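Structure assessment
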Amino acid sequence: MRGQAHRSLGRELLFLPPLLFLLLAYFYPLLRMLQVSAQWGALTWPAHLGRLIGFTAGQALLSTLLTLLLGLPGAAAFARYEFPGRRWLGLLTGVPFVLPTVVVAAAFNAVLGPRSPLNALLLTLGLPTLDLRYSLAAILMAHVFYNLTLVIRIVGTFWAGLDERLVEAARTLGASPLRAWVTVTLPLLLPALGAAALLTFIFCFTSFGVVLILGGPRFATLEVEIYRQTVQYLNLAAAAVLALIQLGFTLALTLIYTRLQGRLTRPLDLRQAEGLRRHPRRGEALALYAYLTLLLAGIGLPLLTLVLRSLAEGGQYYLALFENPRRSLFYVPPVTAVRNSLSLGLATTALALLLGLPAALALRQHQRGWLFDALLMLPLGTSAVTLGLGYLLSWNRPPLDLRGSPVLLGMAHTLVALPFVVRALLPALNAIRPALHEAAATLGAPPGRVFWDVDLPLSWRALLVGALFAFTISLGEFSATALLTRPDWPTIPIAIYRFLGLPGAANYGQAMAMATLLIAVCVLVFIVSEGLRPPESTPL
Amino acid sequence: MKRLSLLINFLLIGVLLAACAQPTASPTPTEPRVLRVITHSSFSLSEDVIRAFEQEHHATVQFIKGGDTGTLLNQVILSKDNPPADVLYGIDNTFLSRALAADLFVPYTPKALQAIPQEFQLDPQHRVVPVDFGDVCLNYDKAYFAEHKLEVPQSLADLTRPEYQGLLVIEDPSTSSPGLAFLLTTIATFGEEGYQGFWQALKANDVLIVNDWDTAYYTEFSGGAYSEGARPLVVSYATSPAAEVYFSEGKLTTPPTGAVIAPGTCFRQIEFAGILKNGQNRDLAEAFIEALLGQRFQEDIPLQMWVYPVLPEASLPPVFAEHGVIAQAPARLDPQAIEQNRERWIETWRSIMVP
């Protein structure tokens, strides 16, 4: 009994680091900003509030449903099948997550506009062309493009660990493949599916750049209106109310999910993913390859557009990156940009794991953990404009004057990365049979050893998925970086925006070259991460 | 696990402490003093110019970029008791009144101000001084207008004529600075009574509204060297044609685009700098303001930021002398009127254009 008490106290202590971090890096800046906003002046309600909330929630819901619909076959394909190019296609699906919105918007406008490859095809066939720019369709497609990887990675990794014998048993008992999937696989997938859906929804719910640039001025989310009220009109009270509405939605939704999560979770005999994949059977091959072609086109075409543009003029734009003909003080050498982006990305990943791992371990099968779990998700649903200004209002007096310091930026990036680590990790940890822990403990293993020998190997893939999301979020992040660091600490996205701010062929070409560099860094890190293996399990 | 979490806590606190130890270290007398200058994200200057200033004044100039002009100004207003910098550079006349009303600046009259034309000096108390100006103008695709034997529009009213139907792309004034400048031009030209009617006509003439300058210029405009859109008219800057030549890296000798500079079609953005209250190193800040108006800084401005220096004696780089144009009689609006009516004007515009 004493051992039991000791262990649960130790477990409660695991809440401490993430909680402390949230207090310092989230609640304090947010409350500072809300406090200042409340004292700022009269509250004027923005027009069309109902329509604003309706559109924000509606497009997020549609985006999430579409992403699930298109992502689930991908999760199945990567979890269950062996096919040529599997590894490279898998890498490719993760790339969009790293790209700043302006870059994606430029690529999408080319792919969706009147001169797109699809329209070239339609023209040769004598059919009317299709212009999808500045429409709800463009917004939805970009959201799917960004978030597909969440479903494929989070659900796919979990799926790969499921024991196929359960489905085989159902089939043996006479269930059709569909019935076996609906009654056996789907219920088991629900925790991971819910996690991916929740992240996608919150991401789209707070969408800013995609809606503004690809949707055009007809469409506005709450986040867009918060920007307008804050920056253009300095109506801080109205902006704060909008930010709180946005936050309330996120919190309500997350609470529903975290409450359900406990009930959906079943202990499972998760396995190492390798060796469970097989080549598609005859009947399956057609559907599989049709889907994979669609996936390759949908993600590959916009990316290819960027790369091709950067390569125009025979690679001259890459060479130009290394020159500073105007001798600008703010010239960003590509090597410096890559180094800064990489170090920031790695620091964010390390900190997000250092905080996310204890959080996930503390949360697993915890009776009252759902409340804390929801708190961890809040930063993702918080207005970036509000929190950004909050950051500048906090930590601004000696001895803790962090303004302009990369530490502040690391905190901001980690705040956004942390939910991804926890969401990716928790379904896997929850699925580990408690009996395994009890067995290990009975055999005399201390808690640390149980974690090292049981939990870590069984949740390794999920941990890696979370870490990669943390890394890519940091690598591509622009707005917080622009606001919180000094210009002597430029990253790749900062360099891209600098080039895109001026007219002329060289500026556009160099922006595309920088974007291609960003893709390259991202792919390189994906490849390296594949070589990372869990610690060897030592027999107890 | 308990030990692990303790360790993590210590690490976290350690990182925080290590970070804050840096800026609090006070400089010894021989070390250069630090002047902090906060500015917008498009700011640029030559390295030599800054290094020369630093040497002359035994100082280090530390630039802070605060996002777009609105975000930059708001953060300075919100933290005015404990400002992030000593000097602010980059408030334009569309935000000037908000900045002055917030009582952010210490008045200072640099000697060099005498040489600056009165038309730029919008604050008689010299809390801020003008440093540069740029005109937001219509740009057109020369090839398109030549090919279609079309006259280039010479007034805003022209834009509502049938021959220009579907040709213009503009930026949303609620998210873009040139977009707001263009809205303000229409208000200055047609007045409170007339601008709504103009916009209704422009909407009927199939104007395209996009979010920001780079989408308008690179994606929708047809004129720039890398622009791939289909619309031959765009709201951009008077210097964009010159920039097209400069950034073609020798491939172009004449710009593929032109700027319309007819009276009443452009909006002049004047950028100001001022010394922030509660800042440090007042003498350095004053020296910096003085230097901004000096010949060396002023002559550096055009190629770095693609705007014009306010000092008439500053000589212009060849590409400006050859291809640069300045608006004739740009639209004028009192900064105070802009700040007072900004929200109403933008929201009215939105109710007409994107109901």
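Residues numbered from 1 in each chain as written. Chains lettered and ligands numbered in written order. Predicted model: local features only at pLDDT ≥ 70, side-chain atom pairs only at ≥ 80, totals over all residues.

Each helix and strand counted, chain B has 12 helices and 11 strands in total. A compact globule built from 355 residues would reach a C-alpha radius of gyration of about 20 Å, and chain B, at 23 Å, matches this within 12%. Dimensions of chain B, computed from the C-alpha atoms along their principal axes, are close to 70 × 60 × 45 Å. Expressed as a percentage of its 355 residues, the buried residues of chain B come to 51%. Taking all contacts inside chain B whose residues are at least 6 apart in sequence as the whole, residues at least 24 apart take part in 74%. (Helix = DSSP H or I, 4+ residues; strand = E, 2+ residues; numbered from the N terminus. Rg over C-alpha atoms; globule rule 2.2 N^0.38 Å. Buried ≥ 20, exposed ≤ 12 C-beta atoms within 10 Å, placed from the backbone. Contact = placed C-beta atoms within 7 Å.)

What chain A contains, in helices and strands, is 23 helices and 2 strands. At 24 Å, chain A has a C-alpha radius of gyration in line with the 24 Å of a compact globule built from 540 residues. Referenced to the eigenvectors of the C-alpha coordinate spread, the extents of chain A come out at roughly 70 × 65 × 50 Å. In chain A, buried positions account for 52% of the 540 residues. If you take every contact in chain A between residues at least 6 apart in sequence, the share linking residues at least 24 apart comes to 84%.

The next point concerns the packing of helix α19 (residues 434-442) of chain A against helix α20 (residues 447-476) of chain A. Residues and elements named next belong to chain A. Their axes nearest at 10 Å, the elements α19 and α20 cross at an angle of 140 degrees. With respect to α20, the element α19 is oriented oblique. In the packing of α19 onto α20, the handedness of the crossing is right-handed. Across the interface between the two elements, Leu 436, His 437, Ala 440 and Ala 441 from α19 touch Val 450, Asp 453 and Val 454 from α20. Looking at side-chain class alone, the contact of α19 with α20 contains 5 nonpolar, 1 polar and 1 charged residues. (Axes fitted to C-alpha atoms, helices over the stretch in contact; angles between N-to-C directions. Parallel < 35°, antiparallel > 145°, perpendicular 65-115°, else oblique. Left-handed = near helix turned anticlockwise from the far one by under 90°. Nonpolar A, V, L, I, M, F, W, Y, C, P; charged D, E, K, R; others polar.)

Judged by nonpolar contacts, the single largest core of 274 residues is most densely connected at Val 155, Val 421 and Met 514 of chain A together with Val 87 of chain B. When residues are assigned to domains, this core turns out to be shared by domain 1 (32-133 + 270-316) and domain 2 (135-268 + 324-353) of chain B, each giving three or more. Setting aside residues no more than four positions away along its own chain, Val 87 of chain B makes contact with Leu 35, Val 37, Ala 273, Ile 275, Leu 276, Ala 285, Phe 288 and Ile 289 of chain B. (Core = buried A, V, L, I, M, F, W, Y, C linked by C-beta atoms within 7 Å. Domains from an automatic or database assignment.)

This next bit is on the confidence of the model for chain A. Close reading of the predicted structure is inappropriate where its pLDDT is low. On average, residues of chain A carry a pLDDT of 88, and 96% of them reach 70 or more. Per-residue pLDDT, averaged within each element of chain A, yields its smallest value for helix α1 (residues 2-13) of chain A (62) and its largest for helix α3 (residues 49-80) of chain A (96). (pLDDT = per-residue confidence, 0-100.)

Turning our eyes to something else, we now look at helix α9 (residues 177-205) of chain A. Given a rise of 1.5 Å per residue, 29 residues ought to cover 42 Å, yet the end C-alpha atoms of α9 of chain A are separated by just 35 Å, more than 12% below that figure. The sharpest bend along α9 of chain A measures roughly 55 degrees and falls at Leu 190 of chain A, with the proline Pro 191 of chain A sitting one to four residues further on. (Expected span 1.5 Å × (residues − 1). Bend = angle between axes of the 7 residues up to and from the residue.)

Here the focus is the interface of chain A and chain B. The interface of chain A with chain B comprises 63 residues on the first partner and 66 residues on the second. Across the side of chain A that touches chain B, the residue classes break down as 40 nonpolar, 14 polar and 9 charged.

Right, let's get into the pairing of strand β8 (residues 233-237) of chain B. Residue and element names in this part refer to chain B. Of all 5 residues that make up β8, 5 are buried, and the element is covered over most of its length. Taken together, the 5 bridges between strand β5 (residues 128-141) and β8 define a ladder with antiparallel strand orientation. Along β8, the bridge assignment pairs Tyr 140 with Leu 233. Bridge count between strand β6 (residues 168-171) and β8: 2 bridges; the pairing is parallel. Within the sheet, the bridge partner assigned to Leu 168 lies in β8 and is Leu 233. (Pairing = 2+ DSSP bridges.)

Attention now moves to the environment of Ala 329 of chain B. Residues and elements named next belong to chain B. Within the secondary structure, Ala 329 sits in the loop between α11 (318-323) and α12 (335-353). Note: C-alpha distance between Ala 329 and Ile 261 (68 residues apart in sequence) is 8.5 Å. Sequence-distant contacts of Ala 329, defined by excluding residues within four places in its chain, comprise Pro 263 and Gly 264.

Turning our attention to the confidence of the model for chain B. All names here are of chain B. The predicted model of chain B has a mean per-residue pLDDT of 91, with 92% of residues at 70 or higher. Within the model, the stretch residues 10-25 combines pLDDT values under 50 with 14 contacts to residues more than four positions away or in other chains. Overall fold confidence for the complex sits at a pTM of 0.90, while the interface term, ipTM, reaches 0.87.

Okay, the domain arrangement of chain B next. Residues and elements named next belong to chain B. Here chain B is described as being made up of domain 1 (32-133 + 270-316) and domain 2 (135-268 + 324-353). Computed from C-alpha atoms alone, the centre-to-centre distance between domain 1 and domain 2 is 28 Å. Each partner contributes residues to the interface: domain 1 has 13 residues there, and domain 2 has 14 residues. In terms of residue class, the side of domain 1 that touches domain 2 is built from 8 nonpolar, 4 polar and 1 charged.

The alternating pattern of β6 of chain B places Leu 168 and Ile 170 of chain B and Val 169 and Glu 171 of chain B on opposite faces, both of which are buried. The β-α-β motif built from β6 of chain B, the intervening helix α6 (residues 177-204) of chain B and the parallel element strand β7 (residues 208-210) of chain B has right-handed crossover chirality. (Right-handed = clockwise from strand over helix to strand, strands pointing away.)

Right, let's talk about unusual backbone geometry for a bit. Phi is positive for Trp 395 of chain A, close to 50 degrees, though the residue is something other than glycine. Within the chain, Glu 249 of chain B stands out as a residue other than glycine whose phi angle is a positive 55 degrees. Note on placement: Glu 249 of chain B falls in the loop between α8 (240-246) and β9 (257-260).

This part covers the environment of Ile 527 of chain A. All names here are of chain A. Looking at the element boundaries, Ile 527 is found in helix α23 (residues 505-530). On the basis of neighbour count, Ile 527 is assigned to the exposed category, with 12 C-beta atoms found within 10 Å. Along the primary structure Ile 527 and Leu 91 are separated by 436 residues, whereas in three dimensions their C-alpha atoms are 7.8 Å apart.

As a further point, take the packing of helix α2 (residues 16-38) of chain A against helix α15 (residues 334-363) of chain A. All names here are of chain A. Interaxial distance between α2 and α15 falls to 7 Å at its minimum, and their mutual angle equals 125 degrees. The orientation of α2 with respect to α15, classified from their angle, is oblique. Together, Pro 17, Pro 18 and Phe 21 of α2 and Leu 355, Pro 358 and Ala 359 of α15 make up the contact between the two elements. Considered class by class, the residues forming the contact of α2 with α15 number 6 nonpolar, no polar and no charged.

Time to look at the environment of His 323 of chain B. Residue and element names in this part refer to chain B. Positionally, His 323 belongs in helix α11. Residue classification places His 323 among the buried residues on the basis of 21 C-beta atoms within 10 Å. Counting along the chain gives 62 residues from His 323 to Ile 261, while the straight-line C-alpha distance between them is 13 Å. Here His 323 is in contact with Pro 241, Ala 242, Val 245 and Pro 255, once residues within four sequence places are set aside.

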